[in-house]
Structure formats: structure tokens, C-alpha cells
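Tertiary structure, described
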Amino acid sequence: MLKLEERFLTGLLPDLRQKDVVEVGCGTGRWLRRICGSKARSLTGVDPSREMLKIAWKHLSSKAVLLEGVAENLPLPDRSADLVIVSFALSYCSDLSRAIHEFVRVARTGAPVFVTDVHPRTAEQLNWERSFRGSSGKMVMPAGSHKPEKIAEIFRCEGFERSCFLELPFGEEERDIFASAGKVGYYDSISAFPAIYISQFVFVDEMPGEIALKGDLDRKSTRLNSSHITI
């Protein structure tokens, strides 16, 4: 899922030169590491896990400011970000409205907010769970199931509109990952389902730029079934 997200979100991000970038729920700093060579003016990551931030610090050191905090109460000033990324993190927010209010609060005029997550409908249909294996065995991470339309509705109440919405199935690039794990059969059984979604939100005055964005997506997404793309 991370590879699928990176494959599409990378092409959607604006020019980051001299921009202040904030990643909410940065974890080990995956996106901050990917864009640390973009000549952004500043990189800031916020995450509630001190242990995750320690790992991020090992990779980023002085290249980013890493802050312990939650999405519902970001330790950041108003209008301090030119780009906000919320990658696979919104599912862990108990107060969805409060979290989105915070994203909007720190975003400057014209700053896009990107939200990505596991597709909730597919997760429910296929009984997906978020888990990892630690020293004590399998650990399941409790996560909510926020519908993209509900998220868009809350953003709309905050003055932001959804300018881009992608529902993305796994592609051939991800098939190789399944193959290396000996799970090609499982890949074949789920490849028709959207695995993740990517939403971009912008302040309503920025909506005229949607047409240009759609043209870029048409060129980059020619292999996707049209039923999985909504713009």
C-alpha cells in the first residue's frame, strides 16, 4: 500500500522549493525522507509516538523538525504550512472534525492538504486489519473507518473543497511485491478492488486549478480502470 501511494502521490505534489511542509502522523518520517532533497524551506513532522520519532530523527537529523503531538491538537502556529500531508494517519484520529480543523488551521492560503488511507469499503469487504509482528507476536492496531465522503464534507465545512480524488487498485508494480511474498494468488483475487484512496483538498478560491491537475492525472493514470478515478 505504501508503494502504491508513493507511486501516485509523488506525481501530485507541487514544487516544494522554498515551501514549508508539514507531515501529520509522520511516524518514522517516510515522506519527509522522500522529499528532503526537494529544497523545501522547512520540513516538520508531527507524531504521537516518541519511539517512531526517534527512528525518524536517525534518518533526518537536522533536516527536519520533529514534534510529539496529535492531529487533533497540532503543536504548530496558524498558517504555517505551504503543504500538509496526512498519510495513512486519519484512521487513527478519534475526533475527525477536530483533526481536519487543525489541518486547515495550519495551512496557508493556497496550501493543498493531501489525505491518503486504506480504502474503507475494501477493508470492510475483505476483512483487512492493520497489524505487524513484534517480539511478542502479532499486534493489531485499532483503526477507525472514516468514509472519504464524510471527510470531504467536513473539509467543505472548513472552506476547503476536494479537487482530486483517486481510488487506486494495486497495479503490476505492486504485484511484484506480492510475488516475492508468495502471494500472487491473493493479489489476483483482490486486484479489482481499490486498495487505497488519495484526496487533495484546497481552499475554495483555488478550485480553478483543478482543470490543469486533471490533465496531468489523465496522462499518469492511463492504466487505471476509470471506475477507480473520481475527479
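Because the structure is a prediction, the values reported are computed rather than measured.

**Let's talk about the side chain of R105**
As for its placement among the helices and strands, R105 is situated in helix α4 (residues 96-106). Only 3.1 Å separates the side chain of R105 from the backbone oxygen of L74, close enough to count as a polar contact. At 2.8 Å, the side chain of R105 and the side chain of E102 are in polar contact. Residue contacts for R105: discarding those within four places in its chain leaves L74, L76, P77, D78 and R79.

**Considerations on helix α6 (residues 148-157)**
Taken as a whole, α6 has its buried residues at P148, I151, A152, I154 and F155. Buried residues of α6, seen end-on, are gathered within an arc of 160° and therefore sit on one face of the element. Tucked into the core, α6 has its buried residues touching α4, β5 (113-118), α5 (120-125), β8 (160-169) and β9 (194-203). Directly beyond the C-terminal end of α6, a positive phi value near 95° is found at G159.

**Examining the confidence of the model for the protein**
Here the protein shows a mean pLDDT of 88. Residues at 70 or above account for 85%. Every residue in residues 208-231 scores below 50 in pLDDT, and together they form 39 contacts with partners more than four places removed in sequence or on other chains.

**Overview of the pairing of strand β2 (residues 42-47)**
Along β2, 5 of the 6 residues are buried, which leaves the element largely enclosed by surrounding structure. Relative to strand β3 (residues 65-68), β2 runs parallel, the two being bridged by 4 bridges. Considered in β3, the bridge of V46 is made with L67. In this fold, β2 hands off to helix α3 (residues 50-60), which returns the chain to β3; that crossover is right-handed.

**Describing the packing of helix α1 (residues 2-12) against helix α7 (residues 172-180)**
One way to put it is that α1 packs onto α7 with a least axis distance of 9 Å and a crossing angle of 160°. One element, α1, and the other, α7, form an angle in the roughly antiparallel class. The handedness of the crossing between α1 and α7 comes out as right-handed. Facing α1, whose interface residues are K3, L4 and R7, α7 presents E173, E174 and I177. Across the contact of α1 with α7, the residue classes break down as 2 nonpolar, no polar and 4 charged.

**What to know about the pattern of salt bridges**
Taken as a whole, this structure holds 18 salt bridges when the rule is applied. Close ionic contact of R30 with E5 constitutes a salt bridge, the shortest N to O distance being 2.9 Å. One end of the pair, R30, is in helix α2 (residues 30-35); the other, E5, is in helix α1, and 25 residues separate them in sequence. The same class applies to R30 as to E5, namely buried. R50 serves as the salt-bridge partner of E68, at 2.9 Å between the closest nitrogen and oxygen. Of this pair, E68 sits in strand β3 while R50 sits in helix α3; the two residues are 18 residues apart in sequence, bridging distant segments of the chain. For E68, a relative accessible area of 42% gives the class partly exposed. With relative accessibility at 51%, the residue R50 sits in the exposed group. In the salt-bridge network here, residues are joined through shared partners; they are E5, E6, R30 and R34.

Scoring rules and cut-offs
Residues numbered from 1 in each chain as written. Predicted model: local features only at pLDDT ≥ 70, side-chain atom pairs only at ≥ 80, totals over all residues. Heavy atoms only, no water. Helix = DSSP H or I, 4+ residues; strand = E, 2+ residues; numbered from the N terminus. Polar contact = N/O pair within 3.5 Å; in protein donor to acceptor, adjacent residues only side chain to side chain. Contact = heavy atoms within 4.5 Å. Buried < 20%, exposed > 50% of the residue type's maximum accessible area, 1.4 Å probe, protein only. Arc of directions from axis to C-beta. pLDDT = per-residue confidence, 0-100. Pairing = 2+ DSSP bridges. Right-handed = clockwise from strand over helix to strand, strands pointing away. Axes fitted to C-alpha atoms, helices over the stretch in contact; angles between N-to-C directions. Parallel < 35°, antiparallel > 145°, perpendicular 65-115°, else oblique. Left-handed = near helix turned anticlockwise from the far one by under 90°. Nonpolar A, V, L, I, M, F, W, Y, C, P; charged D, E, K, R; others polar. Salt bridge = Lys/Arg side-chain N within 4 Å of Asp/Glu carboxyl O.

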